[in-house]
Amino acid sequence: MENNNKHNHCNEAHTHEKHCITTETCNNHGHDSHESHEHHDNFITKYIFSQDHKMIAKQFLITGMFWAVLGGLMSVLFRFQLGNPDDTYPFLEAILGKWAKGGRISPDAYYALVTTHGTVLVFFVLTAGLSGTFANFLIPLQIGARDMASPFLNMLSYWFFFIASCVMLSSLFVETGPFSGGWTAYPPLSALGDAMPGSKSGMDLWIIAMALFVVSSLLGGLNYIVTILNMRTKGMSMTKLPLTIWALFFTAVLGVLSFPVLLSGFILLIFDRNFGTSFYLSDIFINGVGALSNEGGNAILYQHLFWFLGHPEVYIILLPAMGMVSEILAVNSRKPIFGYMAMVGSLFAIAILAFLVWAHHMFVTGLNPFLGSIFVFITLLIAIPSAVKVFNWLTTIWRGNVRFTTGMLFAIGFVSLFISGGLTGIWLGNSSLDIHLHDTYFVIAHFHIVMGVASMFGMFAGVYHWFPKMFGRYMNNSLGYIHFWVTLVGAYLIFWPMHYQGLSGMPRRYYDYSIWESFKMYTELNKFISIVAIIVYATQILFLCNFFYSIFKGRKVQDSNPYQANTLEWTTPINPGHGNWPGEIPEVHRWAYDYGKDGKEYIPQNVPIAADEKEGH
Amino acid sequence: MTTYLIIAVLLLFYIVTIQIAKTSEYVSIIKGEKESFSQNNKINGFLMLAFLILGLVGVWYCNEYLYDTTLLNKPSASYEGERVDQMLWITIIVTGIMFLFTQILLFWFAFRYQHNENRKALFFVHSTKLEIVWTTIPAVVLFVLIFFGLVNWNYFTGEAPKGAMEVEVTGKQFGWIFRYPGSDNVFGKKYYKNIDPATNTLGLIFEDGSAQDDIVTEQTVYLVKNKPVKFIIGSRDVVHDFGLSHFRLKMDAVPGIPTTLWFTPKYTTEEMKKITGNPNFTYEISCDQMCGNGHYSMKGVIMVVEQADYDLWMAKQKSLYHINNPDTVAPTTLTTQTIAQTKL
């Protein structure tokens, strides 16, 4: 497997100018053909139906950003309601119309916002936006390939995501509102239009959008796996891969093995909704409708199918961030990543265990207690590879020579958030604590910190770090620093107090707490959290300004390797064309982390091992 | 008007920030890349340390400010919940130590090893010894937590003590229905297609004699102090969750699949009012599983009373069958003999 590039891979994508991409055969004419190739691109093939992995990555990124802006705005709106439950704001009615009659967001709208926020952030931003962007961008560049194994499928993957986005967006405008039963869409609530207005046509669109999304995710994932296994450049053995690639590889494997299960769950749900089957339905009497004829179904079956993806999904979100953070920490500490094999091993362990812990979301569903015990055991085992990763990151910084680039700041922020959120996972993974804390704000705090904000930080780290490679320009540093510090402080101010709310038993997904003697003391705190959320959101707009301004007007990159990094993407020209390397693809001689070795600041992967040098790690 | 003003101020804020940032970029070009890099690095290095210190102060302050609002400073209302509290404290201590240790190292290292022209980073690739240490220590600690957790879990999900009273609870959009088995201590049969929202909210089959003495109440359930109670939990529409934060327990209510939860109340509602210092205190049942647009209002109440008060209350209850058929003899007052006859 190690020398696959000796075989001739003909790249179907370059249909209008078919040429081979192996190092051997490209030697003679590679340069010229790529130069001429660039000129054949018109606007549509270059920017819209592009098959260049770098352009597809940017498409994923910008679509993801669109959803992040929208999904974030939704959280601002429902936090606004939660923070000011008794006041009315006419401007809300101006924006939301009938969903905020009299200037107060209605419960229907509140739940629609909560649900769409969750769905969009988990799937469209942190799955497509994160691994879609960076798997596309980094895999060919870092393994030394001219493009993905199938650039055409890669393009399809984006366009399925785009169509999924359009369908999801359109669901916001149907008369009965978008789906509003929570992003996990548990039936019977999600199966019965009479149980909630959001479960009417909004849910049909939600489920279609999600099915299209699964297709997109599978097309992308298969491509990533095949590319990593088969298209590494000469000398790039698996153990010489940068950790980003290892992380993206495991991410893709997780997605390919678990998304189909989610799809099967959704198909059964479609049948229950539209064709009168009873997979999930039994013994139901709906107010105002009467008893339904469905009998013998099992509502918990859906939860098993959902969480069989749902839990690996958490790692699909987290692993790419872990990989990028490992890379960025090493580059900017000017030190090798500590314990490379342990890092790969722990990624592997996490990927395996991720499949075996799904029912820890279901401890209080009446699950067989013995089965619950097994899931407690395996769930808490995940803390071991996670701890190994944290200690290895810490040791990577230890006695380094740390440069605080914006990417590095976000990488450090990621580690901090991953620790904070990961530790509360030890609470919730223990069923005898979950029986108290399940579905309270403690859970909200836990998963927002460890998965939501931490992965966002990983994504920001990646964007700041690879922006010069993506656009040939730098982002503004000062705005980056402001963005980082406000977001880090803000994230803790928002989510840290929620642990306390959870420890009072305060349930999640409540529109209003004023009738509850047990939870109504948090009015002031809720207001405080909402204000911080608005400030943090406003700061993200600053990031957007920085991003789009810098694409066109940022300081130009002068040096093709601005970070003095070892990985292959920095051996390409400042603005690489389709095909990445104008000449031969570089051959790899060493791992990606020879920083500070033998007194040398850095030694790129394509530099041969010197005669007197000890190889390896 | 104020809306436009706010938008204007916000825009101005963005423009000013971006302009300042742009200027700082020009300044750094004039100053030289090296100079401005080392200055920025120093600022961020200092902020790392500042964030660590202020962050820890913040954690302490947040605890001061919010600790009293949580249940951590109130005793568990059930004996079983005391085990949850004990587990919580063990876990807080273990994870708290890890939290402080790793966060302090992270931000201290970032500050301490910030870029310095004269320092060379250490080429330190791996150390089997270190890696074994930080694989085994978490493993050992986790096994302890798993052990305590599973012992408690088995206890919570195990059989209810003999002599526990049984109460059935059914969730619906958006409220709770309770059923006591009546004097025969047997829950009568029910079928969801018999449900009539006005007269038979649970769909009891009155032809089944043991259903005739079943007592059905809505929203409020009475329990006896120190007497174990086993709830048989169900739902008649969507998935709900029977959330009892004061007792530290909860369990889902799933249509078609009954679940159970048992515990022993430790304090009466009146005693809890004194303990919490809140004269309005009640044991609230919160629905903890998203169940529709009235989810946030799905409240029930548990009244924990002494046995004598419970008997008084129970004596006043009429069976649902009797409420529907006032001319029959109230089955709750039936003697065992007549019950036996009805069953025939």
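Residues numbered from 1 in each chain as written. Chains lettered and ligands numbered in written order. Predicted model: local features only at pLDDT ≥ 70, side-chain atom pairs only at ≥ 80, totals over all residues. Heavy atoms only, no water.

Caption draft 1: Spatial organisation of the interface of chain A and chain B. Across the boundary between the two partners, chain A contributes 129 residues, which contact 117 residues of chain B. With both chains or domains summed, chain A and chain B bury close to 10,800 Å², and 68% of this area falls on carbon and sulfur atoms. Per-residue buried area on chain A facing chain B is highest for Phe285(A), Phe404(A) and Ile435(A); these three make up 7% of the total on that side. Our enumeration of links across chain A and chain B arrives at 2 salt bridges. For Arg555(A), the salt bridge identified is with Glu25(B), shortest N-O distance 3.7 Å. Between the two partners, chain A and chain B, sit 47 residue pairs in polar contact (both at pLDDT 80 or more). Looking at which element gives the most residues to the side of chain A that touches chain B, the answer is helix H16 (residues 477-503) of chain A, with 13 residues. (Contact = heavy atoms within 4.5 Å. Buried area = accessible area lost by both parts, 1.4 Å probe. Salt bridge = Lys/Arg side-chain N within 4 Å of Asp/Glu carboxyl O. Polar contact = N/O pair within 3.5 Å; in protein donor to acceptor, adjacent residues only side chain to side chain. Helix = DSSP H or I, 4+ residues; strand = E, 2+ residues; numbered from the N terminus.)

Caption draft 2: Up close: the domain arrangement of chain B. Splitting chain B by domain gives domain 1 (1-31) and domain 2 (165-343). For domain 1 of chain B versus domain 2 of chain B, the distance between C-alpha centres works out to 61 Å. (Domains from an automatic or database assignment.)

Caption draft 3: Main features of the domain arrangement of chain A. All names here are of chain A. Segmenting chain A into domains produces domain 1 (47-259), domain 2 (317-555) and domain 3 (557-617). Centre-to-centre, using C-alpha coordinates, domain 1 lies 18 Å away from domain 2. Summed over the shared surface of domain 1 and domain 2, the number is 0 salt bridges. Applying the counting criterion to the domain 1 and domain 2 interface returns 10 residue pairs in polar contact (both at pLDDT 80 or more). For the side of domain 1 that touches domain 2, the secondary-structure elements that each account for two or more residues are helix H3 (53-83), helix H5 (107-143) and helix H8 (243-274). It is H5 that contributes the most residues to the side of domain 1 that touches domain 2, 18 residues altogether.

Caption draft 4: Highlighting the sheet that holds strand S3 (residues 215-218) of chain B. Residue and element names in this part refer to chain B. Ordered by their spatial adjacency, 5 strands build an open sheet running S3-S2-S1-S5-S8, and the pairing between neighbours is mixed. Both outer strands of the open sheet, S3 and strand S8 (259-263), are each paired with one neighbouring strand and no more. Across the sheet, the mean angle from the axis of one strand to that of its neighbour is 25 degrees, orientation sign disregarded. In this structure, strand S1 (residues 165-172) lies alongside strand S2 (residues 175-180), joined through 5 bridges in antiparallel fashion. Across the sheet, residue threonine 170 finds its bridge partner in S2, namely isoleucine 177. With respect to the sheet, helix H6 (residues 307-316) is in contact with S1, S2 and S3, its orientation differing from that of S2 by roughly 95 degrees. (Pairing = 2+ DSSP bridges. Axes fitted to C-alpha atoms, helices over the stretch in contact; angles between N-to-C directions.)

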